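Chain residues, written in single-letter form:
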Amino acid sequence: MSNPFLKQVFNKDKTFRPKRKFEPGTQRFELHKKAQASLNAGLDLKLAVQLPPGEELSDWVAVHVVDFFNRVNLIYGTIGDGCTEQSCPVMSGGPKYEYRWQDEHQFRKPTALSAPRYMDLLMDWIEVQINNEELFPTHVGTPFPKNFLQVVKKILSRLFRVFVHVYIHHFDRIAQMGSEAHVNTCYKHFYYFVKEFGLIDTKELEPLKEMTARMCH
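These numbers come from a predicted model, not from an experiment.

Applying the stated criterion across every chain yields a total of 16 aromatic pairs. Relative to Tyr187, the ring of Phe160 lies with its centre 6.2 Å away and its plane at 40 degrees, an arrangement referred to as tilted. On the criterion of sequence distance, the pair formed by Phe160 in helix 6 (residues 148-169) and Tyr187 in helix 8 (residues 180-196) is long-range, its members being 27 residues apart. With a relative accessible area of 1%, Phe160 lands in the buried category. Considering the side-chain rings of Tyr167 and Phe171, the 5.7 Å spacing of their centres and the 25 degrees angle between planes classify their relative orientation as stacked. The class for Tyr167 is buried, based on a relative accessible area of 8%. Overall, Phe171 belongs to the partly exposed group, its relative accessible area being 26%. Through a chain of ring-to-ring contacts, the aromatic side chains of Phe68, Phe160, Phe163, Tyr167, Phe171, Tyr187, Phe190, Tyr191, Tyr192, Phe193 and Phe197 assemble into a single cluster.

Dropping the structure here:
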């Protein structure tokens, strides 16, 4: 990685909010290391996302959800100064797709928001989910809740929308920074993972369908 800016961005804990970490010595930490080792070894991403023999699906998914949250956070953080209330008054993916925000507190009905406001709410919401011990238990032997995969699907669908917005509205910034290859690798990793385990509805993937067909064979 020759670009010093990218070294700083991709190798340090330089996200624009606190980064969820795995505690050393835990099973989740070991799985995280295993997943990272596969990527660092240059293993085919399609193979890297497959469930390792003898591992629990929920543990494998939990590790990846946290990792994708950190990576997508970081990608958005690098273009965030160009995504403003003025430049992106609507959270969208081109003229055909508009994403409205809904939660259990402030916005009980789907509400049109600017992209930066949507991103803030989204990252806060995901952070709450992955730091909730009942949803993402950190202790070995503590079972995952019955609705775990349901929550995960919602998290990943919403994270996918960040990729949509970044690729469609801010790709020039990504290219200008020389981080196109890295963002593409993060996207491919994410895409192969959600496809491997059926974690995003096909209709959600529609906005980047053509790009994905070219990039992910």
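Grouped together as the largest cluster of nonpolar side chains are 61 residues, with contacts concentrated most on Phe136, Leu156, Phe163, Tyr187 and Phe190. Elements with a contribution of two residues or more to this core: helix 4 (57-79), helix 5 (115-130), helix 6, helix 8 and helix 9 (209-215). With 12 residues, the single largest contributor to this core is helix 6.

This part is about the layout of surface pockets. Empty space among the atoms can be located by rolling a probe the size of a water molecule over them. The computed volume of the second largest pocket comes to approximately 410 Å³. Looking at the second largest pocket, it is lined by 18 residues, and the ones nearest its centre are Asp103, Glu104, His105, Trp125 and Gln129. Secondary structure elements with two or more residues in the lining of the second largest pocket: helix 5 and helix 6. By residue number, the principal contributor to the lining of the second largest pocket is helix 5, which donates five residues.

Turning our eyes to something else, we now look at the UniProt feature "binding site: Zn(2+)" (unreviewed entry) in the protein. Residues annotated by UniProt as "binding site: Zn(2+)" (unreviewed entry) correspond here to Cys83, Cys88, His165 and His170. The largest pairwise C-alpha distance within this set of annotated residues, which runs over 88 residues, is 10.1 Å, so the set is compact in three dimensions. Note on placement: Cys83 falls in the loop between helix 4 and strand 1 (100-101). Judged by relative accessible area, Cys83 falls into the buried class, the value being 4%. Of the residues examined, His170 reaches a relative accessible area of 5% and is grouped as buried. The residues contacting His170, other than those within four sequence positions of it, are Ile79, Gly82, Cys83, Cys88 and His165.

Right, let's get into a nonpolar patch on the surface. A cluster of nonpolar residues, Leu51, Leu57 and Leu149, forms a patch on the protein surface that exposes about 190 Å² of accessible area. With respect to the helices and strands, the residue Leu51 is situated in the loop between helix 3 (45-48) and helix 4. Leu51 gets classed as partly exposed once you look at its relative accessible area, which sits at 32%.

Rules and cut-offs
Residues numbered from 1 in each chain as written. Predicted model: local features only at pLDDT ≥ 70, side-chain atom pairs only at ≥ 80, totals over all residues. Heavy atoms only, no water. Phe/Tyr/Trp six-rings, centres within 6.5 Å; stacked < 30°, edge-to-face > 60°. Helix = DSSP H or I, 4+ residues; strand = E, 2+ residues; numbered from the N terminus. Buried < 20%, exposed > 50% of the residue type's maximum accessible area, 1.4 Å probe, protein only. Core = buried A, V, L, I, M, F, W, Y, C linked by side-chain atoms within 4.5 Å. 1 Å grid on protein atoms, 1.4 Å probe; cavity = no way out; pocket = protein on both sides within 12 Å on 5 of 7 lines; lining within 4 Å. Points joined across faces, edges and corners; volume = space filled by probe spheres on them. UniProt positions renumbered as here; feature names shortened; annotations may be inferred. Contact = heavy atoms within 4.5 Å. Patch = residues over 30% accessible without salt bridge, like charges linked within 9 Å, V, L, I, M, F, W, Y side chains within 5 Å. Areas by Shrake-Rupley, 256 points an atom, 1.4 Å probe, with all protein chains shown as cover. Salt bridge = Lys/Arg side-chain N within 4 Å of Asp/Glu carboxyl O.

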